[in-house]
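Structural features, examined
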Amino acid sequence: MNYPESGGSIAQIGEEVSIRKTTDCEVVVIGSGPYGLSAAAHLRAKGMDVRVFGRPMEFWAKKMPSGMLLRSPRVASNISDPSRQFTLDAYERAAGIAPIAPVPLETFIGYGQWFQSQLLPDLDEREITSVRRIDGGFAITLENGGDFRAERVVVAAGIEPFQKIPAVFAGLPPAQVSHCYQGCDVGAFRGRRVAVIGAGQSALESAALLDERGAKVELIAKIRELRWIGQHPWLHRLGPLSSMLYSPHDVGPAGISRLVAAPNVVRQIPLGLRDKIRTRAVRPAGSRWLPARLSGVQLTTGRFVTQANCGKDEIELKLDDGSRRRVDHVLLGTGYTVDIGRYRFLSAGVLRQVSVMDGYPRLRSGFASSVSGLHFTGATAARTFGPLLYFVAGTEFASRELTTRIEKTRRQHR
Ligand SMILES: Cc1cc2nc3c(=O)[nH]c(=O)nc-3n(C[C@H](O)[C@H](O)[C@H](O)COP(=O)(O)OP(=O)(O)OC[C@H]3O[C@@H](n4cnc5c(N)ncnc54)[C@H](O)[C@@H]3O)c2cc1C
């Protein structure tokens, strides 16, 4: 059954009503990464009829390099649940895993999947292929063609479609040029020449992992000097003064870190300044445990690629200083640009109605977009609520705020 988007014929709307009676749900959550799982757990705890879709922790399991370590500190790597019981520590205790820092990727994936099995055992792994607006609600289509209707939609679909591909690499064969967010089997590059482009955590950590697995790696970064998170460790050892400068989430430099931890304050800051705070807090940098692991990687900084030509088995890169490189593969650690227009499941009708600011949805309190009943959480909310929303640590604020708002509206309606 395909529901008509708002404005369909009376006969079609009649059909829609009869289906609504049997399959309606109050809230559908799209995505089962940290933000989707957390939002669904909070909404359920308030007695709402919630359906959550997607393969649990898929982005982490399939799109991040094996052997990766989390950049966020342990205390900032908890997925928020209403009782604060389903923490990373609780998972490790239940699974008999010794707590270590930094947190290994495999532990975090296991944690997310355990969180799901404990709190959302009826999660539906199917992909949602379409969300359309119908009178007062949304028509949802699933990958197998099934349809149902929901009163509200929470989009927690992550950043995978937002990969930033510099123009010079656009259209080149994926076998020779890939983005870090497409998943990288580092072991497959043993003995091969790989150019990694970028200076952020993804690029730096991928370069280290590739080198450790026997690839010949060159990292090419535009910035003149690579940056490392926590370059001034003494600032973290000043007792109460340090707590005034840094929140435990550790997102952003001294002072900004504290501000970032208060997303409702960030939301009140004029957009221009808010954008500056956001970009400063997440500028490209690597964890402080990375420099030692990069000793075998050729680091070329202050340079960028101006041309990339694919031959049969290799790629020739020309840099802005005129020098050339021949490599077997280029791995782009060039980050992402949020653009909700790239969520293919949102219909053209819905996208036309969502007010956006350069690809980010314009949100109000409760993560509500300009379309009544449509909410966005995770990275897409970072332009409104600040950079905490790019990280797992933001699930606590996001899920509580979202739930409070939905519950309030629900009470008013009833
Ligand atoms: C290399 C790398 C390292 C990172 N390290 C850290 C870190 O150490 N700490 C940290 O806090 N953050 C880190 N991040 C950021 C991290 O991506 C986010 O914090 C986190 O994944 C956000 O969770 P999410 O639920 O919004 O998105 P995701 O984890 O991406 O989850 C979104 C989910 O939605 C599903 N989905 C998408 N579309 C649909 C659909 N149509 N139907 C059904 N399901 C759908 C996807 O399959 C996916 O599982 C890192 C990111 C990268 C790329």
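Residues numbered from 1 in each chain as written. Predicted model: local features only at pLDDT ≥ 70, side-chain atom pairs only at ≥ 80, totals over all residues. Heavy atoms only, no water.

1. A word on the sheet that holds strand β12 (residues 324-327)
- Reading across from one edge, β10-β11-β12 is the order of the three strands in this open sheet, with antiparallel pairing throughout. Both edges of this open sheet fall to β10 (305-310) and β12, since each of them pairs with a single strand only. Adjacent strand axes in the sheet meet at a mean angle of 20 degrees, parallel and antiparallel pairs treated alike.
- Of the strand pairs in this sheet, β10 and strand β11 (residues 315-319) are connected by five bridges, and their pairing is antiparallel. Bridging from a neighbouring strand, cysteine 310 pairs with isoleucine 315 of β11. (Pairing = 2+ DSSP bridges. Helix = DSSP H or I, 4+ residues; strand = E, 2+ residues; numbered from the N terminus. Axes fitted to C-alpha atoms, helices over the stretch in contact; angles between N-to-C directions.)

2. Quick notes on a nonpolar patch on the surface
- A surface patch of nonpolar side chains, about 430 Å² in accessible area, is lined by Trp234, Leu238, Leu241 and Met244.
- Position of leucine 241 among the secondary structure elements: in helix α7 (residues 240-245). (Patch = residues over 30% accessible without salt bridge, like charges linked within 9 Å, V, L, I, M, F, W, Y side chains within 5 Å. Areas by Shrake-Rupley, 256 points an atom, 1.4 Å probe, with all protein chains shown as cover. Salt bridge = Lys/Arg side-chain N within 4 Å of Asp/Glu carboxyl O.)

3. So, the pattern of salt bridges
- Inspection of every chain in the model, using the stated rule, returns 25 salt bridges.
- As a salt-bridge pair, glutamate 218 and arginine 325 come within 2.8 Å of each other at their nearest N and O atoms. Placement of the pair is glutamate 218 in strand β8 (residues 216-221) and arginine 325 in strand β12, with a sequence separation of 107 residues. In this structure, glutamate 218 and arginine 325 share a single accessibility class: buried.
- Note that arginine 326 is salt-bridged to glutamate 316, the shortest N-O span being 3.4 Å. Of the two residues, arginine 326 sits in strand β12 while glutamate 316 sits in strand β11, which places them 10 residues apart along the sequence.
- Through salt bridges that share partners, Arg193, Glu314, Glu316, Arg324, Arg326 and Asp328 make up one connected network. (Buried < 20%, exposed > 50% of the residue type's maximum accessible area, 1.4 Å probe, protein only.)

It is worth stressing that arrangement in space is one thing and function is another; only the former is reported here.
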